[in-house]
Amino acid sequence: MDFFEAVRRRHSYRGGFTDAPVPRQHLEKIVEAGIRAPSACNEQVASFVIVDDPQLLEQLAEIIDRPVCNTAKALIVCVADPRPVYKGLSFVAEDCAAAVENMFLAVTALGYATVWLDGVLRAGDKAARIGRLLGVPEDKTVRIVLPLGVAVEEGRQKEKLAFDRRAWFNRHGG
């Protein structure tokens, strides 16, 4: 798939997944795209746990408590190291976002679907519970989870505002 086609087709998918497996080779490609994302001072503070074990997937679906996780064939868990990397500042949110967007595009290019789960992890100690289950060190945080698989139903990218309503040359607002 062409890069710009992947950008146009990328969408957040919250539906069910088919029984088709996601091969580890594809999971590695997807996560490699995340690893290749830019990182503040190249400190690479985002790391990833790829979950494809059916028992772990079931346990994680129970913790996350979102329907999209119930039939996911894999989950990619983005783990954040919040340490400061430049003048006492942490850029972990930016690093995780860059990595996850690259993975979103790779997921789309390979014909799979996913959704960015973040806010749900902040309630009820879910991120910490996931971290304990997956052996994440206590000085790191589970920040984002991507459930993925082959979508049961075709998804579409939501309508975006026109270019001239969000982008201008040389001056904000045109």
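Quick caveat: nothing in here was measured; it's all calculated off a predicted structure.

Asker: Please explain the side chain of S39 as it appears in this structure.
Answerer: By the secondary structure assignment, S39 is in the loop between helix 2 (24-35) and strand 1 (46-51). By relative accessible area, which is 18% here, S39 ends up buried. A polar side-chain atom of S39 sits 2.7 Å from the main-chain amide nitrogen of Q44. A distance of 2.8 Å separates polar atoms of two side chains, one belonging to S39 and the other to D95.

Asker: Explain the sheet that holds strand 3 (residues 113-114) here, please?
Answerer: One key point about sheets: their strands pair by backbone hydrogen bonds, in either a parallel or an antiparallel sense. The sheet built from four strands is open, its strands ordered 1-2-4-3 with antiparallel pairing. The sheet is open, and its two borders are formed by strand 1 and strand 3, each paired with just one other strand. Against the sheet, helix 2 contacts strand 1, strand 2 (74-80) and strand 4 (141-149), and its axis sits at roughly 170 degrees relative to strand 1. Where helix 5 (residues 92-109) meets the sheet, its contacts fall on strand 1, strand 2, strand 3 and strand 4, and the angle it forms with strand 4 comes to roughly 5 degrees.

Asker: Help me out: how do you make sense of the pattern of salt bridges in this one?
Answerer: A side chain with one charge may pair with a side chain of the opposite charge, provided their charged atoms come close. Evaluated as defined, the whole model comprises nine salt bridges. Between R36 and E32 there is a salt bridge; the shortest N-O distance is 2.9 Å. Classification of R36 as exposed rests on a relative accessible area of 65%. Note on E32: relative accessible area 33%, which makes it partly exposed. Because the salt bridges share partners, they merge into one network encompassing E43, D81, R83, D139 and K140.

About the criteria used
Residues numbered from 1 in each chain as written. Predicted model: local features only at pLDDT ≥ 70, side-chain atom pairs only at ≥ 80, totals over all residues. Heavy atoms only, no water. Helix = DSSP H or I, 4+ residues; strand = E, 2+ residues; numbered from the N terminus. Buried < 20%, exposed > 50% of the residue type's maximum accessible area, 1.4 Å probe, protein only. Polar contact = N/O pair within 3.5 Å; in protein donor to acceptor, adjacent residues only side chain to side chain. Pairing = 2+ DSSP bridges. Contact = heavy atoms within 4.5 Å. Axes fitted to C-alpha atoms, helices over the stretch in contact; angles between N-to-C directions. Salt bridge = Lys/Arg side-chain N within 4 Å of Asp/Glu carboxyl O.

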